[in-house]
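Here's the letter readout for the chains.
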Amino acid sequence: MNCKLFCIFVHQIRKHTKAMIEKIQELITEVKALQAGTAEEVEALRIKYLSKKGEISMLMNDFRNVPADMKKEVGMRINELKTLAMERINNLRDAVSKAEVAGDDIDLTRTAYPIRLGSRHPLTVVRNEIVDIFSRLGFTLAEGPEVEDDWHVYSSMNFADDHPARDMQDTFFVEAHPDIILRSHTSSVQARVMEQQQPPIRVICPGRVYRNEAISARAHCFFHQVEGLYIDRNVSFADLRQVLLQFAREMFGTDTQIRLRPSYFPFTEPSAEMDVSCTICGGKGCSMCKGAGWLEILGCGMVDPAVLEANGIDSTQYTGYAFGMGIERIANLKYQVKDLRLFSENDVRFLDEFRNA
Ligand code: PHE
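Treat the numbers as computed from the prediction; the structure is a model and nothing was measured.

Q: An account of the site of the ligand is needed here, citing residue identities and associated values.
A: As a matter of local geometry, the ligand sits amid 13 residues, with His185, Ser187, Arg211, Gln225 and Glu227 nearest to it. Contact distances for the ligand include 2.8 Å between an oxygen atom and a side-chain N or O atom of Gln225. About the coverage of the ligand: the protein hides 89% of its 320 Å² of free accessible area. Elements supplying a minimum of two residues to the shell around the ligand: β6 (222-232), β9 (294-303) and β10 (319-326). Looking at the shell around the ligand, the element that brings in the most residues is β10, giving three residues. A breakdown of the residues in the shell around the ligand according to their chemical character gives five nonpolar, six polar and two charged.

Q: Which residues make up the side chain of Thr256, and what values do they have?
A: Structurally, the position occupied by Thr256 is in the loop between α8 (237-252) and β7 (258-265). Judged by its relative accessible area of 5%, Thr256 is buried. At 2.6 Å, the side chain of Thr256 forms a polar contact with the backbone oxygen of Gly253. Dropping the residues within four chain positions of it, Thr256 is found in contact with Leu245, Ala248, Arg249, Val276 and Ser277.

Q: Could you give an account of the sheet that holds strand β3 (residues 173-174), naming the residues involved and the relevant values?
A: Two modes of strand pairing occur in sheets, parallel and antiparallel, and in both the strands are linked by backbone hydrogen bonds. One open sheet holds the three strands; their spatial order is β2-β4-β3, and the pairing between them is antiparallel. Sheet topology places β2 (147-149) and β3 at the edges, where each strand pairs with a single neighbour. Of the pairings in the sheet, the one linking β2 to strand β4 (residues 177-182) comprises three bridges and is antiparallel in character. Paired with Glu148 across the two strands is Ile181, which belongs to β4.

Q: Can you lay out the side chain of Asp304 for me, pointing to particular residues and giving the numbers?
A: Within the secondary structure, Asp304 sits in the loop between β9 and α9 (305-310). Of the side chains with opposite charge, Arg166 lies nearest to the buried Asp304, which makes no salt bridge, at 14 Å. Setting aside residues up to four positions removed in sequence, Asp304 forms contacts with Asn158, Pro266, Phe267, Thr268 and Glu269.

Q: Explain the nonpolar core to me, using residue names and the numbers behind them.
A: Counting 44 residues, the largest nonpolar core has Ile130, Phe134, Ile297, Tyr321, Phe323 and Met325 as the members making the most contacts within it. Elements with a minimum of two residues in this core: α5 (122-136), β6, α8, β8 (268-277), β9, β10, α10 (327-335) and α12 (348-351). Among the elements that take part in this core, α8 stands out by supplying eight residues, more than any other. Not counting the four nearest positions on each side in its chain, Phe323 is found in contact with Phe134, Phe139, Gln190, Ile204, Val226, Glu227, Gly228, Leu240, Leu244, Leu298, Gly299 and Cys300.

Q: Which residues make up the packing of α5 against α10, and what values go with them?
A: Where α5 contacts α10, the two axes come as close as 9 Å, and the packing angle between them is 100°. As far as their axial angle goes, α10 and α5 are roughly perpendicular. Contact residues: Leu123, Val125, Val126, Arg127, Glu129 and Ile130 in α5; Ile327, Glu328, Ile330, Ala331, Lys334 and Tyr335 in α10. Its residues placed into classes, the contact of α5 with α10 shows eight nonpolar, no polar and four charged.

Scoring rules and cut-offs
Residues numbered from 1 in each chain as written. Predicted model: local features only at pLDDT ≥ 70, side-chain atom pairs only at ≥ 80, totals over all residues. Heavy atoms only, no water. Near = heavy atom within 4 Å. Polar contact = N/O pair within 3.5 Å; in protein donor to acceptor, adjacent residues only side chain to side chain. Areas by Shrake-Rupley, 256 points an atom, 1.4 Å probe, with all protein chains shown as cover. Helix = DSSP H or I, 4+ residues; strand = E, 2+ residues; numbered from the N terminus. Nonpolar A, V, L, I, M, F, W, Y, C, P; charged D, E, K, R; others polar. Buried < 20%, exposed > 50% of the residue type's maximum accessible area, 1.4 Å probe, protein only. Contact = heavy atoms within 4.5 Å. Pairing = 2+ DSSP bridges. Lys, Arg positive; Asp, Glu negative; His and termini not counted. Salt bridge = Lys/Arg side-chain N within 4 Å of Asp/Glu carboxyl O. Core = buried A, V, L, I, M, F, W, Y, C linked by side-chain atoms within 4.5 Å. Axes fitted to C-alpha atoms, helices over the stretch in contact; angles between N-to-C directions. Parallel < 35°, antiparallel > 145°, perpendicular 65-115°, else oblique.

Rendered as structure tokens:
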């Protein structure tokens, strides 16, 4: 090769190497801006830049044509490009797989996550238990409306016109209509049964009732009751006592004792309140029964003849007894729930505790 040709050759090689450096520079800018939305796109980028026939391998192959005095610079640039490409593509791969886990990429063919089953509300559990016990004792279920008229809630139950329970403070009125109210006890259902049916009558009436009280740990503006009514010939107070003793023993255990204390209700005469021996200490006295050994659980009595007559039942032929209890109260004794509000807040952590009840 003569001198002139050699010079041209060297010139060409230098030109080629300069183009190579420009190409590397372009690729560096390109790689820094790479984007991918799916794993497939990431793989396509890997093939384009990092595979055996990819852009970087091509540059490596060309490296042997770089003149010795430029090898160092070109080598460094290729390495820089390679490191950048590997980092960028790895980062894109991580981002795509994280997004998939986070659910951005919804796969409708995947099996569903197990859905936790709910559990019965503690008040439902206790209500069912009470209803079960009385069903076995021959009582049938009766239900009625929560929005009632004054007659079924109060007048038919022998409440005098000026009885304090009718007071605005106790009763919720519907649309300021003095006759339409939210029932304050389920005795209204008993009135509806009596107007439909002649004795023998033996029913229990579970349901929600409303009283206009300030909401606190010990009172709420609604709660739940089970009331019972038995009317037939020769029904006596001894029958009442026996049925309630049976109920208490099935509900709280066979050792349970009961105690009846005189009381007053407009619709029963005589009336009583019933206590059970403390479910915690058995009667010795503890913090639950405040040292008394007894816990009050229900009101009861012989149906006042005036109530029988008001509801179309001949009080010279028939007698009857009635009783009524709050389901929250019974549930509290069973589960020691300190704050009544828990029953209506439906906090899953609270409800979960009754999963096996
Ligand atoms: N109705 C009464 C109340 O709501 C309970 C009760 C029912 C008392 C039957 C005696 C007889 O408080």
